[in-house]
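# Structure assessment
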Amino acid sequence: MAEKKEGKKAVAAEEIPKAQPAKKSAKAPLASEEEEEETSKPIKPLTAEELEKEFKEHSVAEFFKKNRQMLGLVGKIRCLTTIIHEYVTNSLDACEESGILPDIDMTLTELGPEHYEVTVVDNGPGLTQESVGKAFGQLLAGTKFHRLMQMRGQQGIGAAGCTVFSQMTTGKPVKVITGSGKGKPFAVDVAIDTKTNQPKLSNIEMLQKDFKGTAVRAEFKGVLYRQAEQNAYEYLRRTAVANPHAKISFKDPTGKKIIFKRTVSELPERPKEIKPHPKGATVDELLSLSKYTEARKISSFLKSEFERFGDKALEEVANKIHFDLNKDPKKLVWGEAEEIINAIKAITFLAPSTEGLRPIGEDRIRKSLLSIVKPEFLSVITRRPQVYAEGFPFQVEVGIAYGGEAGRANQNGTGEGQQTRSVEIMRFANRAPLLFDSGGCAITKAVQTIEWKRYGVKDLENVPLTVFVNLISVHVPYTSAGKQAIAEEEEIIEEIRLALMDTGRKTARYITNKQRDYEKKMRRETFYKYIPEIAAALHNITKEDEKKLREKLEKLVTEKLKIIEKQEAEEAKEDTEALQIEEVENESEVEGE
């Protein structure tokens, strides 16, 4: 019996989890002197040789893999919208460069919780087997970064960044089908070797069918599609507004299909590539260009690599430097390049060429906003080209839509199904929507500087108003690689402000007239409402004919209303003229500066 009891005790002891080591109490014995000496030993510093072993070279793919937030791939909703942005802008740019009216079909399929498949098909020029890897599997490889012309993308990061993100979250490659119309189309799986930033192509298959364009399918986890102001649908809606020549189809995760039809059937004129302007050049840039030029003299190098550099400018530069411009540009040193740049700063050049800019156009913006936003009133303006940072041309297009379906719908809680509308700011750069980072964007700042009350808008949170702003430039000064906010360049902000004031004045006239007509109608209804009662009362007092009394009162009210309305019209005219004078003065000050 004793043995059995001991056996039971042993089993019970095994079932009980081991007790965790108790924390040292205040009464715990102090550590020995030897232990104290061992723990207090300073960390041995590394020698130069040991530090050298720690140096490692990292590829740009590894950098963005660890810093994906710099590509805008942060936040579940934002990640998905950014992915669609990258694929769609690539399709639009490719189609336009090839002279093709874009047809883009996008499907979003939910595979599981926060797990989606994105499919984008376009009718563009397609890719070759040599270029498909660079387009989808190599960061900082593309057709845009090295050219100074108006394009939606600039760095050559977007589509390849999406491939990296797909690998990080699902471990799967991106599937691409592409055909150029010459030969058979092919399918390929594209991945990135992040250690070397090189594409890895696999499962290449020639297809026995006709297909011209590019189709990309990729899976992503940790992303989310929700009905929100910054979701994929809203991105495509705004893309359709700024690209009226494109047809965009979207099938959401519920199976609902939305088609944004093209409202114009002509492609925008293709922008031209321009040379850098001397005023925007730096010493480092000048030296870099000089090492690869085919020119044999500095004088011919300056004329061939920069625009607006004529013989007169060369003569002025020659008078301000101590060396000969006939020197071989490849032998140019830092001090000499610095002299040239300082001389350029002291010279007046013609403004940069605007041939690289292609605005959407007032008529196209108007047709697009009327089709998609459906406002009561619309005012659109395209400003003249300007220059920022002394060397980059840019242009601003602004539209203000009021009433109808303009603005952002809000649930105001006053009753079931009742909604109010608040201001909606649509920001664009080179026709591409900017949905995120609005607080740090030059467009938002410009909108916030406007005194909207002067333009008939008393409360931005309760007004059906859509503000459309498109900045176009050969080089958009984005605040980050995510391309969602424009840097606060003074010249850009001021141009947007002037355009907003111009369109705002026309909108104010409409709002004021609408309010005046409403007040006029209410005033007239109020006066005529009481005429029968007053006529009846006067009849009882004077015994005059009630019908004649009513006619006299109506005539009196009509004459009085005419006087009031005339006074109001004169006051409104004075206010408008004063506003116009002030805005012209503001614009003159900016041009003078």
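Below, the structure is looked at part by part. Remember, predicted model here, so these are calculated numbers, not experimental data. (Residues numbered from 1 in each chain as written. Predicted model: local features only at pLDDT ≥ 70, side-chain atom pairs only at ≥ 80, totals over all residues. Heavy atoms only, no water.)

### Regarding the overall build of the protein
Convention followed: Each helix is a run of DSSP H or I of at least 4 residues and each strand a run of E of at least 2, with the numbering of both proceeding from the N terminus. Under the scheme applied here, a residue whose accessible area is under 20% of the maximum for its type counts as buried, over 50% as exposed, and between as partly exposed, the area being computed with a 1.4 Å probe on protein chains only. Note on definitions: a residue-residue contact is assigned when non-hydrogen atoms from the two residues lie within 4.5 Å. Computed with a 1.4 Å probe, the accessible areas rest on the Shrake-Rupley method; for each residue, only the protein chains presented here act as cover.
Looking only at helices and strands, the protein features 16 helices and 16 strands. Each of the 593 residues in the protein was classed as buried or not, and the buried ones make up 44%. Here the analysis covers contacts within the protein between residues at least 6 apart in sequence; of these, 71% occur between residues at least 24 apart. When the accessible surface of the protein is split by element, carbon and sulfur atoms take 51% of a total near 33,100 Å².

### A few points about the environment of serine 91
Positionally, serine 91 belongs in helix α5 (residues 76-97). What makes serine 91 buried here is its relative accessible area of 5%. Filtering out sequence-adjacent residues up to four positions away, serine 91 remains in contact with Ile104, Val120 and Asp122.

### Overview of empty space enclosed by the protein
Cut-off, in case you're wondering: Definitions used throughout: a 1 Å grid over protein atoms alone; a cavity as a set of points that fits a 1.4 Å probe which cannot get out; a pocket as an open set with protein on both sides within 12 Å along at least five of seven lines; a lining residue as one with an atom within 4 Å of a point. Grid points are joined across faces, edges and corners, and a volume is the space filled by probe spheres set on the points.
Under the counting rule described, the total for this entry stands at 2 cavities of 30 Å³ or more. Roughly 200 Å³ of volume is contained in the largest cavity. Lining the largest cavity are 15 residues, and of these Asp93, Glu96, Gln150, Arg152 and Pro271 sit closest to its centre.

### Observations concerning the packing of α5 against helix α8 (residues 232-242)
Quick reminder of the rule: To get an axis, fit a line to the C-alpha atoms, keeping to the stretch in contact for a helix; angles then go from 0 to 180 degrees between the N-to-C directions. Our angle categories are set so that under 35 degrees counts as roughly parallel, over 145 as roughly antiparallel, 65 to 115 as roughly perpendicular, and the remainder as oblique. The crossing is said to be left-handed when, going from far helix to near helix, the turn is anticlockwise and less than a right angle, and right-handed when the turn is clockwise. Any residue that is not Ala, Val, Leu, Ile, Met, Phe, Trp, Tyr, Cys, Pro, Asp, Glu, Lys or Arg is counted as polar, Gly included; the first ten are nonpolar and the last four charged.
Running from N to C, α5 and α8 cross one another at 25°; their axes reach a closest spacing of 9 Å. The angle between α5 and α8 places the two elements in the roughly parallel class. The chirality of how α5 crosses α8 is right-handed. On α8, the residues touching Thr81, Ile84, His85, Val88, Thr89 and Leu92 of α5 are Ala232, Tyr235, Leu236 and Thr239. Considering only residue class, the contact of α5 with α8 consists of 6 nonpolar, 4 polar and no charged.

### Points about the sheet that holds strand β1 (residues 103-112)
Where we set the bar: Two strands qualify as a pair provided DSSP detects at least 2 bridges between them.
Spatially, the 8 strands line up as an open sheet ordered β5-β4-β3-β6-β2-β1-β7-β8, and their pairing is mixed. The strands lining the two open edges of the sheet, one partner per strand, are β5 (198-206) and β8 (257-260). Taken over all neighbouring pairs, the strand axes of this sheet differ in orientation by 15° on average, direction set aside. As defined by bridge partners, strand β3 (residues 174-180) adjoins strand β6 (residues 212-221) across 6 bridges and the pair is classed as antiparallel. Residue pairing across strands places threonine 178 opposite threonine 214, the latter belonging to β6.

### Notes on a positive patch on the surface
Selection criterion: Only residues whose relative accessible area exceeds 30% and that form no salt bridge are eligible for patches; like-charged ones are grouped when within 9 Å, while nonpolar side chains (Val, Leu, Ile, Met, Phe, Trp, Tyr) are grouped when within 5 Å. In what follows, salt bridge is the name for a side-chain nitrogen of Lys or Arg lying within 4 Å of a carboxyl oxygen of Asp or Glu. The charged-residue count follows a simple rule in which Lys and Arg add positive charge and Asp and Glu add negative charge, with His and chain termini not counted at all. We put the charge of a Lys on NZ, of an Arg on CZ, of an Asp on CG and of a Glu on CD.
Taken together, the side chains of Lys247, Lys251, Lys257 and Lys261 define a basic patch exposed on the protein surface. Here lysine 261 shows up in the loop between β8 and α9 (283-292).

### Re unusual backbone geometry
The backbone phi angle of asparagine 203 is positive, close to 55°, even though this residue is not glycine. With respect to the helices, strands and loops of the structure, asparagine 203 is situated in strand β5. What makes asparagine 203 exposed here is its relative accessible area of 59%.

### Regarding the pattern of salt bridges
This model, assessed by the stated rule, comprises 23 salt bridges. Two residues, glutamate 97 and arginine 270, come together in a salt bridge whose shortest N-O distance is 3.0 Å. On the criterion of sequence distance, the pair formed by glutamate 97 in helix α5 and arginine 270 in the loop between β8 and α9 is long-range, its members being 173 residues apart. Since its relative accessible area comes to 27%, glutamate 97 is described here as partly exposed. Under the relative-accessibility criterion, arginine 270 is labelled partly exposed at 44%. With a closest N to O distance of 2.6 Å, lysine 327 and glutamate 336 form a salt bridge. For glutamate 336, a relative accessible area of 11% gives the class buried. Connected through salt bridges with shared partners, the residues Glu229, Glu234, Arg237, Arg238, Arg408 and Glu424 form a single ionic network.

### What about the packing of aromatic side chains?
Here is the rule we go by: Centres within 6.5 Å make a pair out of two Phe, Tyr or Trp rings, where for Trp the six-membered ring is used; the pair is then stacked when the planes are under 30 degrees apart, edge-to-face when over 60, and tilted otherwise.
Summed over all chains, the structure comprises 12 aromatic pairs. Taken together, a centroid distance of 5.9 Å and an interplanar angle of 35° make the contact between tyrosine 233 and phenylalanine 260 tilted. Residue tyrosine 233 is found in helix α8, and its partner phenylalanine 260 is found in strand β8; the two are separated by 27 residues along the sequence. Classification of phenylalanine 260 as buried rests on a relative accessible area of 7%.

### Topic: the pairing of strand β14 (residues 424-429)
For β14, the tally of buried residues reaches 5 of 6 residues, placing the bulk of the element in the interior. Bridging between β14 and strand β16 (residues 465-473) involves 6 bridges; their strand directions are parallel. By the bridge assignment, glutamate 424 is partnered in β16 with threonine 466. Two elements, β14 and strand β15 (residues 432-434), share 3 bridges in a ladder whose sense is antiparallel.

### Some words on helix α12 (residues 334-345)
Basically, it comes down to this: Given the number of residues in a helix, its expected span is that number minus one, multiplied by 1.5 Å. In this description, one arc is meant: the one made by directions from the helix axis to the C-beta atoms.
Taking 1.5 Å per residue, 12 residues should reach 16 Å; α12 reaches 17 Å between its end C-alpha atoms and fits that length. Regarding α12, the residues found buried are Glu336, Ala337, Ile340, Ile341, Ala343 and Ile344. Along the axis of α12, the buried residues cluster in a sector spanning 160°; they form a single face. Contacts made by the buried residues of α12 are with α9, α10 (298-305) and α11 (311-320).

### What to know about the pairing of β5
As defined by bridge partners, strand β4 (residues 186-193) adjoins β5 across 7 bridges and the pair is classed as antiparallel. Along β5, the bridge assignment pairs aspartate 193 with glutamine 198. Between β4 and β5, which follow one another and run antiparallel, lie 4 residues, and asparagine 197 among them has a positive phi close to 55°.

### Considerations on α10
Because an α-helix packs 3.6 residues into every turn, residues spaced three or four apart end up facing the same way. Where α10 is concerned, the buried positions are Ile298, Ser299, Phe301 and Leu302. One face of α10 carries all of its buried residues, which in axial projection span an arc of 165°.

Note that every value here comes from positions in space, so none of it alone points to a role or purpose.
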